[in-house]
Amino acid sequence: MTITFTNFVVMLETKYTTTSEEETIELGSKFAKRLNPGDIVYLYGDLGSGKTEFIKGICEYFNVEDMVTSPTFTIMNKYIGEYRNQEIPIYHIDLYRIEQNKELNEIGFSECLYEENSIKLIEWAEKAEKQLNKPSFIVKIIPDEDKENIREIYISESEVVLN
């Protein structure tokens, strides 16, 4: 008996440790070099774990001039960055306060997801799993319980394996 696999997705995970807010921002900036238009990044972590600091680093890499803040109450912030000498929209979406799927429709969430020439950074993605496309990357940020500034950051990348 022969079993043949066609295309499938593998998540490759790498662990990093940061010891300050600045290092978390710096890691976000280094990570951003791997991003391309159309990429979707899910970010997981408790409140105050450093997700927005990581996103500040991503936006720094793309030369976003606006102040990067958590969109906890606005749900979605749109920044304009620079990618290969052209403008690129970067959506920073925080689904923490979303309670019903209809709220996602009200903010134009679906339209944002299907905008191919943008980068989507989604915090609390588990709140909209049914509406989301597969991510290009997953970032999990886990603060050390004993040491306030230390964070373990796990970055997983989707890789399609072709047979």
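Since this is a predicted model, take the numbers as computed values, not measurements.

Rules behind the numbers
- Residues numbered from 1 in each chain as written.
- Predicted model: local features only at pLDDT ≥ 70, side-chain atom pairs only at ≥ 80, totals over all residues.
- Heavy atoms only, no water.
- Helix = DSSP H or I, 4+ residues; strand = E, 2+ residues; numbered from the N terminus.
- Rg over C-alpha atoms; globule rule 2.2 N^0.38 Å.
- Core = buried A, V, L, I, M, F, W, Y, C linked by side-chain atoms within 4.5 Å.
- Buried < 20%, exposed > 50% of the residue type's maximum accessible area, 1.4 Å probe, protein only.
- Contact = heavy atoms within 4.5 Å.
- Salt bridge = Lys/Arg side-chain N within 4 Å of Asp/Glu carboxyl O.

### Structural notes on the overall build of the chain
Thinking step 1. A tally of helices and strands in the chain yields four helices and seven strands.
Thinking step 2. For the chain, the succession of helices and strands along the chain, N to C, is β-α-β-α-β-β-α-α-β-β-β.
Thinking step 3. Its C-alpha atoms give the chain a radius of gyration of 16 Å, near enough to 15 Å, the size a compact globule of 163 residues would have.
Thinking step 4. Principal-axis analysis of the C-alpha atoms gives the chain an extent of 55 × 40 × 40 Å.

### Observations regarding the nonpolar core
Thinking step 1. Phe31, Leu35, Phe54, Phe62, Ile90 and Val139 are the most contacted members of the largest nonpolar core, which has 24 residues in total.
Thinking step 2. When residues of this core are traced back to their parent elements, those giving at least two are helix 1 (21-32), strand 2 (40-44), helix 2 (51-61), strand 3 (76-83), strand 4 (86-94), strand 5 (119-123), strand 6 (137-143) and strand 7 (151-161).
Thinking step 3. For this core, the element with the most residues is helix 2, which contributes four residues.
Thinking step 4. Among all residues touching Phe62, those that are not within four sequence positions of it are Ala32, Leu35, Gly81, Glu82, Tyr83, Ile88, Ile90 and Ile119.
Thinking step 5. Tyr91, Cys112, Leu113 and Ala128 belong to the second largest nonpolar core, which has 18 residues in total.

### Topic: the pattern of salt bridges
Thinking step 1. Evaluation of the coordinates by the stated rule reveals five salt bridges.
Thinking step 2. Residue Lys30 is joined to Glu26 by a salt bridge in which the shortest nitrogen-to-oxygen separation is 3.3 Å. Taken together, the positions of Lys30 and Glu26, both in helix 1 and four residues apart, correspond to about one turn of that helix.
Thinking step 3. Classification of Lys30 as partly exposed rests on a relative accessible area of 48%.
Thinking step 4. Glu53 is paired through a salt bridge with Lys56; the nearest N and O atoms lie 3.4 Å apart. One end of the pair is Glu53 and the other is Lys56, both in helix 2 and three residues apart, which spans about a single turn.
Thinking step 5. Taking the relative accessible area as the measure of exposure, Glu53 reaches 15% and is therefore buried.
Thinking step 6. Of the residues examined, Lys56 reaches a relative accessible area of 28% and is grouped as partly exposed.

### Some remarks on unusual backbone geometry
Thinking step 1. Positive phi, normally seen in glycine, also occurs at Arg84, with a value near 50°.
Thinking step 2. Here Arg84 shows up in the loop between strand 3 and strand 4.
Thinking step 3. Notably, Trp124 is not glycine yet its phi reads approximately 60°, a positive angle.
Thinking step 4. Relative to the elements of secondary structure, Trp124 occurs in the loop between strand 5 and strand 6.

By themselves, these are just geometric observations and shouldn't be taken as functional.
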